[in-house]
Amino acid sequence: MRRSAQPCHGRLALFWVMALWAFLAGCGLAQAQDSRLSALAQLDPARSGITGDATQTDLRLGLSQPVAWRAFLLDNPPRLVVDFREVDFSAQDPAVMLGKGGKSGAVQVLRWGPFRPGWSRLVAELSGPMKIAAAQLRTGEAPELDISLTPVSKDKFETTQGDPNSALWDLPQPAPVPAPILRQDGSRPLRVVLDPGHGGIDPGAEAEGTSEAVLVLTFARELKEALTRAGIDVVMTRNENVFVPLETRLTIARKSEADLFISLHADALASGKATGTAIYMLDEKATDDASQKLAERHDRADILAGVDLDGHGDDVARVLMDLARTETRPRTVRFTQVLVGALKSAGVTLYKHPVQGADFSVLKSADFPSVLIELGFLDSERDRKHLLDDSWRKTTAAAITQAVQSWAQSDAAEARLLRQ
Ligand SMILES: [Zn+2]
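- In the annotation of an unreviewed UniProt entry, the chain is listed under the name N-acetylmuramoyl-L-alanine amidase and assigned to Thioclava litoralis.
- Quoted verbatim from the Catalytic activity (unreviewed entry) field of the UniProt record, the comment on the chain reads "Hydrolyzes the link between N-acetylmuramoyl residues and L-amino acid residues in certain cell-wall glycopeptides."

1. Looking at the overall build of the chain
(1) Moving on: Of regular secondary structure, the chain possesses nine helices and 17 strands.
(2) Moving on: Counting the 420 residues in the chain, one finds 48% classified as buried.
(3) Moving on: Pairs at least 24 residues apart make up 75% of the contacts formed inside the chain by residues separated by at least 6 positions.

2. Quick word on unusual backbone geometry
(1) Moving on: The phi dihedral of E208 is positive, around 50 degrees, even though this residue is not glycine.
(2) Moving on: Assignment of secondary structure puts E208 in the loop between strand 11 (206-207) and strand 12 (210-211).
(3) Moving on: Overall, the relative accessible area of 68% leaves E208 in the exposed class.
(4) Moving on: In this structure, E257 is a non-glycine residue whose phi angle is positive, near 55 degrees.

3. Here's the deal with the pairing of strand 15 (residues 277-282)
(1) Moving on: Most of strand 15 sits inside the fold, with six of its six residues counted as buried.
(2) Moving on: The sheet contact formed by strand 15 and strand 17 (residues 370-374) spans three bridges and is antiparallel. Bridged to I279 within strand 17 is I373.

4. Here's the deal with the nonpolar core
(1) Moving on: Ranked by size, the top nonpolar core spans 41 residues in total, and within it V192, I262, L264, F335, I400 and V404 carry the most contacts.
(2) Moving on: If you list the elements that add at least two residues to this core, you get strand 10 (191-196), helix 4 (212-229), strand 13 (233-236), strand 14 (260-265), helix 7 (318-345), strand 17 and helix 9 (390-419).
(3) Moving on: For this core, the element with the highest residue contribution is helix 9, accounting for eight residues.
(4) Moving on: Once you skip the residues sitting within four places of it in the chain, V192 turns out to touch L227, I232, D233, V234, V235, L260, I262 and V404.
(5) Moving on: Formed by 33 residues, the second largest nonpolar core is a distinct cluster that contains L59, L63, V67 and A106.

5. Digging into the confidence of the model for the chain
(1) Moving on: In this model, the chain carries a mean pLDDT of 78, and residues with pLDDT of at least 70 account for 74%.
(2) Moving on: Low confidence marks residues 1-38, where pLDDT is under 50. Its contacts with residues over four positions away, or in another chain, come to 52 contacts.
(3) Moving on: In the predicted structure, residues 166-178 sits below a pLDDT of 50 and forms 22 contacts with residues beyond four places in sequence or in another chain.

6. A closer look at the sheet that holds strand 14
(1) Moving on: Spatial strand order, 13-10-14-17-15-16: six strands in an open sheet with mixed pairing. Either end of the sheet is taken by a strand with one partner, and the two such strands are strand 13 and strand 16 (350-358). Direction aside, neighbouring strands of the sheet carry axes that sit 20 degrees apart on average.
(2) Moving on: The strands that helix 4 touches are strand 10, strand 13 and strand 14; relative to strand 10, the one it contacts most, it runs at about 165 degrees.

7. A closer look at helix 4
(1) Moving on: Relative to the 26 Å expected for 18 residues at 1.5 Å per residue, helix 4 spans 26 Å between its end C-alpha atoms, a close match to the ideal helical length.
(2) Moving on: Buried residues of helix 4: E212, A213, L215, V216, L217, F219, A220, L223, A226 and L227, and no others.
(3) Moving on: Of the residues one or two after helix 4, G231 is the one with positive phi, at around 85 degrees.

8. Topic: the sheet that holds strand 1 (residues 41-52)
(1) Moving on: As summarised here, the arrangement of the five strands in space is 5-1-2-9-8, forming an open sheet in which the pairing is mixed. Each edge of the open sheet is held by one strand with a lone partner, namely strand 5 (87-88) and strand 8 (130-138).

9. Topic: the packing of aromatic side chains
Here a ring pair, both rings aromatic, is described through the centre-centre distance and the interplanar angle of the planes.
(1) Moving on: What the rule picks out here adds up to six aromatic pairs.
(2) Moving on: Judged by centre distance (5.6 Å) and plane angle (70 degrees), the ring pair of F84 and F89 falls under edge-to-face. F89 shares its class with F84; the two are buried.
(3) Moving on: Pairing F335 with W407 gives two aromatic rings, centres 5.7 Å apart and planes at 70 degrees, and the pair type is edge-to-face. One end of the pair, F335, is in helix 7; the other, W407, is in helix 9, with 72 residues separating them in the sequence. One exposure class covers both F335 and W407, and it is buried.
(4) Moving on: Here the aromatic residues F84, F89 and W112 are joined through ring pairs into a cluster of three or more.

Reading guide: rules and limits
- Residues numbered from 1 in each chain as written.
- Predicted model: local features only at pLDDT ≥ 70, side-chain atom pairs only at ≥ 80, totals over all residues.
- Heavy atoms only, no water.
- UniProt positions renumbered as here; feature names shortened; annotations may be inferred.
- Helix = DSSP H or I, 4+ residues; strand = E, 2+ residues; numbered from the N terminus.
- Buried < 20%, exposed > 50% of the residue type's maximum accessible area, 1.4 Å probe, protein only.
- Contact = heavy atoms within 4.5 Å.
- Pairing = 2+ DSSP bridges.
- Core = buried A, V, L, I, M, F, W, Y, C linked by side-chain atoms within 4.5 Å.
- pLDDT = per-residue confidence, 0-100.
- Axes fitted to C-alpha atoms, helices over the stretch in contact; angles between N-to-C directions.
- Expected span 1.5 Å × (residues − 1).
- Phe/Tyr/Trp six-rings, centres within 6.5 Å; stacked < 30°, edge-to-face > 60°.

This is the structure:
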């Protein structure tokens, strides 16, 4: 493939300028109005199509908003390539672009889809050597990208085609696509990510001069020690009293290739009647009102701290996440069962309904089983005493460690079985 050795062609240079303009316009927009940029542009099939004859082929792509783009030609076979920043093609079949008989002008076959994280690509296979006679992104009410192709001789085509290895297009650097986390099968140490809730400007629940953020950090440090002694790798999402956005907590877990994610909390419920330890699993429909309120409060902490929740999911395809969640969910359920058993036999007082479902953002990772433990409720005097008591914390940390070990064993056995 020809790359940087290509001379910068006059016409190609023009497309760069336009792509640069669109890109810079996008950056300006990002500063002014973040939410608009983070939304994917959609293709409007009603305003899109390919028409043409032997002398000219016109591509028309109606978009919901202007995006950065570039167009170039490749050989073997002759192809037109158009790259876009954040255009969502997923809902559309490329066939909507083609005329009757499945062919339009010089376009034989059309494909599109995600190229790299944040970028989409359209590839049109052409019937012969062509040149880009015109290319323009119309902005305004109905943004539209128009590209016209005209036939050229094979010689001429060879001098104008090639992947333009532009520094502009390499910005921003695409995030590497994360490899799926290999399910643990006992052949390596288990990795547990501990996530002490809240922190920094978000103290969580507060009562009698103490805060949830501080208490759960203390507990997390002690639990880390207990798990480490049992030969388990532990990664903490925070190890100080600092604010960590929910999304960052998940990114840390994903980067650490977590086998199990445990979020630690000790919230206060508005009703003030709750007491005992409770375990939460992700459930889009909360088990009860109190659970729903807890989930909302945790998300609100991020909003109050100035985190743009619209920026979610840049590195994860949501559809894939939903699929993967159906796989991790039974593993999560089994962990909660083992955990409830271990806490019970250690004599830890449990909430009247010890296993709850709630729509916690921090549990939404698809890649690994995730639970949230409400160690106690901070507005309950008894729970507060427990959390401040060294021996209660030691017993509870030991019970959780034992549950992690016994769950990991059966989970690994299942993984080996599934692999056969
Ligand atoms: Zn909390």
